[in-house]
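Tertiary structure, described
Spelled out, the chains give:
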Amino acid sequence: MNDVADPREAPAISVTEVIAGIHRVALGTATVGYVQFTGDRFVSLLGSVYNTSVEVAQTLTLDTAVRRLLLA
């Protein structure tokens, strides 16, 4: 038996703008967190509820902010 996960079975990552400047990041159907655009940077917020999510990174691009969120 092979212990390596099949990448085709990994949950899909989705990034959806839910409010102007705020993106919801999900793995499959589970919300991982949010990325908020503040005018000059993207702030990664970890948590399934926006109001209680916690900042884990600030970056200059949305892609990097999403990656930092997924690695938190």
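In what follows, the accompanying structure is described. Note that the structure is a prediction, hence the values are computed from the model and not measured. (Residues numbered from 1 in each chain as written. Predicted model: local features only at pLDDT ≥ 70, side-chain atom pairs only at ≥ 80, totals over all residues. Heavy atoms only, no water.)

**Topic: the environment of glutamate 55**
As for its position among the elements, glutamate 55 is in strand 5 (residues 54-59). On the basis of relative accessible area, glutamate 55 is assigned to the partly exposed category, the value being 45%. Once you skip the residues sitting within four places of it in the chain, glutamate 55 turns out to touch Val43, Ser44 and Leu45. A distance of 2.8 Å separates polar atoms of two side chains, one belonging to glutamate 55 and the other to glutamine 58. (Helix = DSSP H or I, 4+ residues; strand = E, 2+ residues; numbered from the N terminus. Buried < 20%, exposed > 50% of the residue type's maximum accessible area, 1.4 Å probe, protein only. Contact = heavy atoms within 4.5 Å. Polar contact = N/O pair within 3.5 Å; in protein donor to acceptor, adjacent residues only side chain to side chain.)

**Some words on the sheet that holds strand 5**
Spatial strand order, 1-2-3-4-5: five strands in an open sheet with antiparallel pairing. Only two strands of the sheet have a single neighbouring strand rather than two, namely strand 1 (13-19) and strand 5. Averaged over neighbouring strand pairs, the angle between their axes works out to 25° when direction is ignored. Both strand 1 and strand 2 (residues 22-27) contribute to a ladder of six bridges, which runs antiparallel. Bridge pairing in strand 2 places isoleucine 13 opposite leucine 27. Running over the sheet, helix 1 (residues 62-71) touches strand 1, strand 2, strand 3 (30-37), strand 4 (42-46) and strand 5 and is turned about 140° from strand 3. (Pairing = 2+ DSSP bridges. Axes fitted to C-alpha atoms, helices over the stretch in contact; angles between N-to-C directions.)

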